[in-house]
Amino acid sequence: MLQQFAAQNAAQLHAYQWIETTSTTVQGHAMPAQKFICRFAPDGTLTRTPLDPQQNPGQQMKGGPLMKMMEQKKMGEIKDEMTQVHQVAALYLPLNPEKFQEAMQNNQVNVGRGDPSANAISVSDYAKSGDQLTLNLNPTTQQIQSISVKTSLDTPDDPLTIAMQFSKLEDGTVYPSVTTIQAPSKKISITTLSSDFSKPVQ
């Protein structure tokens, strides 16, 4: 059921383009927001085109407290940490229906109640030992309402959490509207918003 819905929904989503806005906070300091136009290429690959190709976050931060904090060695360290956070998040999102089916076959799945309006499906050891991925489904339509992930970076003492909320377009297409990634030990928070969906002119 989940695989069938995911395939059908993905086909509908491929007809759209939208704006993706990513806001990042590092050690309590907000970095300049990045905006992209997102669309699917004919081969199914998702492409992100910067809305402002000339934007250089480093120039905008020049002379500010964040730039001073991140300069030289610190800048490199934070870039490495950001890369690691994105790499771990990519193990879980977008959700892989085949991997989810494999987890079900291996008895890693527990079905229970999530929020009052949804059915919760929890998957243990989905991508890393000790992790937990939870899907909240609409009990009537079985469409995904939200996904939450509890995992880690290098060790269990280095947690990383992901929360993804889904919304629905007028034609019923479901899309991830808000995604938040938190890495408390690194003091990194990343929030991505998807908006302004439209069908490009052919």
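Everything quoted here is computed from the prediction, not taken from an experiment. (Residues numbered from 1 in each chain as written. Predicted model: local features only at pLDDT ≥ 70, side-chain atom pairs only at ≥ 80, totals over all residues. Heavy atoms only, no water.)

### Some points on unusual backbone geometry
- With omega at 0 degrees, the peptide bond leading from L93 into P94 counts as cis.
- At Q27, a position not held by glycine, the phi torsion is positive, near 50 degrees.
- Its place among the elements puts Q27 in the loop between β1 (17-26) and β2 (29-30).
- You will see that D125, though not glycine, has its phi angle at about 55 degrees, which is positive.
- Structurally, D125 is set in the loop between β6 (119-124) and β7 (132-137). (Helix = DSSP H or I, 4+ residues; strand = E, 2+ residues; numbered from the N terminus.)

### What to know about the nonpolar core
- Counting residues in each nonpolar core, the largest one holds 28 residues, and the members touching the most others are V85, Y92, L133, L135, I147, L160 and I162.
- The dominant element in this core, judged by the number of residues it contributes, is helix α4 (residues 73-89), at five residues.
- With nine residues, the next largest nonpolar core counts L13, C38, F40 and L169 among its residues. (Core = buried A, V, L, I, M, F, W, Y, C linked by side-chain atoms within 4.5 Å. Buried < 20%, exposed > 50% of the residue type's maximum accessible area, 1.4 Å probe, protein only.)

### Considering the confidence of the model for the protein chain
- Of the residues in the protein chain, 83% reach a pLDDT of 70 or more, and the chain-wide mean stands at 84.
- Every residue in residues 56-61 scores below 50 in pLDDT, and together they form eight contacts with partners more than four places removed in sequence or on other chains. (pLDDT = per-residue confidence, 0-100. Contact = heavy atoms within 4.5 Å.)

### A short note on the environment of N136
- Among the structural elements, N136 can be located in strand β7.
- The class for N136 is buried, based on a relative accessible area of 12%.

### Structural notes on the packing of aromatic side chains
- Across all of its chains, the model carries five aromatic pairs by this definition.
- Geometrically, the ring pair formed by Y16 and F197 is edge-to-face, given 6.2 Å between the ring centres and 70 degrees between the ring planes. Placement of the pair is Y16 in the loop between α1 (2-13) and β1 and F197 in strand β11 (residues 188-198), with a sequence separation of 181 residues.
- In textbook terms, an aromatic cluster arises when at least three aromatic residues are bridged by ring pairs, as seen for Y16, W18, F40, Y175 and F197.
- For the cation-ring pair, K99 lies above Y126, with the distance from its terminal atom to the ring centre recorded as 5.6 Å. (Phe/Tyr/Trp six-rings, centres within 6.5 Å; stacked < 30°, edge-to-face > 60°. Lys NZ or Arg CZ within 6 Å of the ring centre and 35° of its normal.)

### Focus: the pattern of salt bridges
- One pass over the full model with this rule turns up two salt bridges.
- Linking E20 and R48 is a salt bridge whose minimum nitrogen-to-oxygen distance equals 2.8 Å. Of this pair, E20 sits in strand β1 while R48 sits in strand β4 (residues 46-50), and the two are 28 residues apart along the sequence.
- Residue K186 pairs with D158 through a salt bridge whose shortest N-O separation is 3.8 Å. Taken together, the residues span a long stretch of sequence, with K186 in the loop between β10 (174-183) and β11 and D158 in the loop between β8 (144-152) and β9 (159-168) at a distance of 28 residues.
- Its relative accessible area of 9% is what places D158 among the buried residues. (Salt bridge = Lys/Arg side-chain N within 4 Å of Asp/Glu carboxyl O.)

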